[in-house]
Amino acid sequence: MKTLIFPIITYGSESWTLNSSCQRRIEAFEMIAYRRMLRIQWTDHRTNVSVIQELNIHPKTAS
């Protein structure tokens, strides 16, 4: 995910103005990608925290 997906998504991001709306969209895409990797359907009603714990990922903390 970090070596194949994120570089493609963030290509050219040096010139972006990263506002809160754009940041939320990137984080939403990240969660969608994790759910697709685990084949979790939207009808399963799993929280983002449970998905992150299953993948053993340490989420980025907002500063």
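Conventions and cut-offs
Positions within a chain are numbered from 1, following the residues in the order the chain's sequence is written. Since the coordinates come from a predicted model, pLDDT governs what is reported: local features require at least 70, and pairs of side-chain atoms require 80 or more to be given and counted, while whole-chain, interface and lining totals use all residues. Calculated side-chain values reflect all of the structure's heavy atoms, with hydrogen atoms and water omitted. Only residues above 30% relative accessible area that lack a salt bridge enter a patch, with like-charged residues linked at up to 9 Å and the nonpolar side chains Val, Leu, Ile, Met, Phe, Trp and Tyr linked at up to 5 Å. Areas reported as accessible are Shrake-Rupley estimates using a 1.4 Å probe. Residue values count occlusion only from the protein chains shown. Note on definitions: salt bridges are taken to be side-chain nitrogens of Lys or Arg within 4 Å of carboxyl oxygens of Asp or Glu. Elements are defined by DSSP. Helices are runs of H or I of four residues or more, strands are runs of E of two residues or more, and each kind is numbered from the N terminus. Buried means the residue's accessible area, taken with a 1.4 Å probe over protein chains only, is under 20% of the maximum for its type, while exposed means over 50%, and partly exposed covers the values in between. The predictor's confidence in any single residue is recorded as pLDDT, a number from 0 to 100. Note on contacts: a residue pair is in contact if any heavy atoms of the two residues lie within 4.5 Å. One less than the number of residues in a helix, times 1.5 Å, gives the span that helix is expected to have.

Going by what an unreviewed UniProt entry lists, the protein chain is known as Casein kinase I and is assigned to Aphis craccivora.

Undergrad: How would you sum up a nonpolar patch on the surface? Please name residues and give values.
TA: Judged by side-chain polarity, Leu4, Ile5 and Phe29 come together as a nonpolar surface patch covering roughly 270 Å² of accessible area. By the element assignment, Phe29 lies in helix H2 (residues 20–37). Residue class for Phe29 comes out partly exposed when judged on its relative accessible area of 36%.

Undergrad: Before we move on, can you summarise the pattern of salt bridges with the specific residues and values?
TA: Applying the stated criterion across every chain yields a total of one salt bridge. Where Glu54 meets Arg46, a salt bridge forms, and the shortest distance between an N and an O atom there is 2.6 Å. Among the residues examined, Glu54 registers a relative accessible area of 46% and is labelled partly exposed. When its relative accessible area of 29% is taken as the criterion, Arg46 is described as partly exposed.

Undergrad: For the confidence of the model for the protein chain, give the residues involved together with the corresponding values.
TA: Per-residue confidence for the protein chain gives a mean pLDDT of 84, with 92% of residues at or over 70. Considering each helix and strand of the protein chain separately, the mean pLDDT is smallest for helix H1 (residues 5–9), with a value of 83, and largest for helix H3 (residues 48–55), with 91.

Undergrad: Lay out the environment of Met37 with the relevant residues and their values.
TA: Mapped onto the elements, Met37 comes out in helix H2. As a C-alpha pair, Met37 and Leu55 span 18 residues in sequence and 9.8 Å in three-dimensional space. When near neighbours in sequence (up to four residues on either side) are disregarded, Met37 contacts Met1 and Leu55.

Undergrad: Describe in detail H2, supporting the description with residues and values.
TA: Relative to the 26 Å expected for 18 residues at 1.5 Å per residue, H2 spans 26 Å between its end C-alpha atoms, a close match to the ideal helical length. Here H2 has its buried residues at Glu30, Met31, Ala33, Tyr34 and Arg35. Looking at the buried side of H2, the elements it contacts are H1 and H3. Immediately downstream of H2, the backbone of Arg39 shows phi near 60°, a positive value.

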